[in-house]
Amino acid sequence: MISTMDRNKARETFIFCLGVVLLCAFVQAAGWLKQDRLVFPDIGEIGRAFLRLLGDGATWLKMWITLRHLLISLGLSTLIAVPLGLAEGMSRTVRGLLRPTMIVLRSLPMIVLVVIIMVLTHYSRVPVAATSLMLVPIISEAVAEGCLRLDRELMDVWRLESALRPAVLLRVHLPLMGGYLRQAYVSAIGMGIKMVVSTEYLVQTRDSLGKAVYTAAYFNEYAEIYAWALIMLLLVLLLSGVPGLVWRRPEEAPD
């Protein structure tokens, strides 16, 4: 018998595929209405460009460069954001002190942040530096919220058994915040890859997806631009499943 969870997943997959079909129909309709197949190429042309790019070894190098920038950014932002989030969750004073900084990082226009970082550091470091700073509020706020929502009775138990040490934070606090962390990292991955590609585009990072998009736009290869966008979408979908494997919901745990 198919479980309710399996039926729900099948339904979500069907709806997602339907959304992809609707998106393709929109591109086709836009090209027909505008009578401009340069900007809105035929879906078949986009598909051929996509398959051609996947068969090119240089494409995989570009994907790796961008993916490396994203992974380094996630690592750096985690190292910064998790301690800050725990401090915010445990201290109202710290939360008040850091709130203006988090508001600035969350609302500062990307281009302004990138320009500032371009002045302060070498262009090769801009994708990682800018992306890391943009992701810090997403992760730290999730950690702080998770800390504030922890079961007080469970917290009283560990206080009776042990003092607050790094091991307690790793084994007690962070696992209990799993739902908040999972959602934060799903959002951070989507935001991160957009930020990385945008900064690569602006600073012309060699052998990157951002540089590839710039080159395609320069030569008016719009089918290739859509193909690159599809590749980025697939990267986001694949990477967004990782947090769910690390922090599983209780009902998803194996019997």
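Above this text is the structure in question.
Residues numbered from 1 in each chain as written. Predicted model: local features only at pLDDT ≥ 70, side-chain atom pairs only at ≥ 80, totals over all residues. Heavy atoms only, no water.

**Q** Is there a simple way to explain the packing of aromatic side chains in this structure?
**A** A full pass over the atoms with the stated rule returns 3 aromatic pairs. Judged by centre distance (5.4 Å) and plane angle (70°), the rings of Y201 and Y214 are edge-to-face. Of this pair, Y201 sits in helix α9 (residues 178-203) while Y214 sits in helix α10 (residues 209-218), and the two are 13 residues apart along the sequence. On the numbers, 6.4 Å between centres and 20° between planes, the contact of Y214 with Y218 is stacked. Here the residue Y214 and the residue Y218 both occupy positions in helix α10, the gap between them amounting to 4 residues, near one helical turn. Classification of Y214 as partly exposed rests on a relative accessible area of 31%. An aromatic cluster is built from Y201, Y214, Y218 and F219, whose rings are joined through pairwise contacts. (Phe/Tyr/Trp six-rings, centres within 6.5 Å; stacked < 30°, edge-to-face > 60°. Helix = DSSP H or I, 4+ residues; strand = E, 2+ residues; numbered from the N terminus. Buried < 20%, exposed > 50% of the residue type's maximum accessible area, 1.4 Å probe, protein only.)

**Q** What is the right way to read the environment of Y201 from this model?
**A** Overall, Y201 belongs to the partly exposed group, its relative accessible area being 31%. Remark: the alpha-carbon pair of Y201 and K211, spanning 10 residues in sequence, is separated by 5.2 Å. In this view, Y201 contacts G210, V213 and Y214; residues no more than four positions away in its chain are not counted. (Contact = heavy atoms within 4.5 Å.)

**Q** What exactly am I supposed to notice about the nonpolar core here?
**A** If you look at soluble globular proteins, the nonpolar side chains tend to sit buried side by side. Grouped together as the largest cluster of nonpolar side chains are 38 residues, with contacts concentrated most on L74, V143, M177, L209 and W228. Only α2 (43-54), α3 (57-90), α6 (126-148), α9, α10 and α11 (222-240) provide two or more residues apiece to this core. In terms of residue count, α11 provides more of this core than any other element does, 8 residues in total. In this view, V143 contacts V82, G85, L86, M177 and L181; residues no more than four positions away in its chain are not counted. One finds I117, A130, M134 and M195 within the second-largest nonpolar core, a separate group that totals 8 residues. (Core = buried A, V, L, I, M, F, W, Y, C linked by side-chain atoms within 4.5 Å.)

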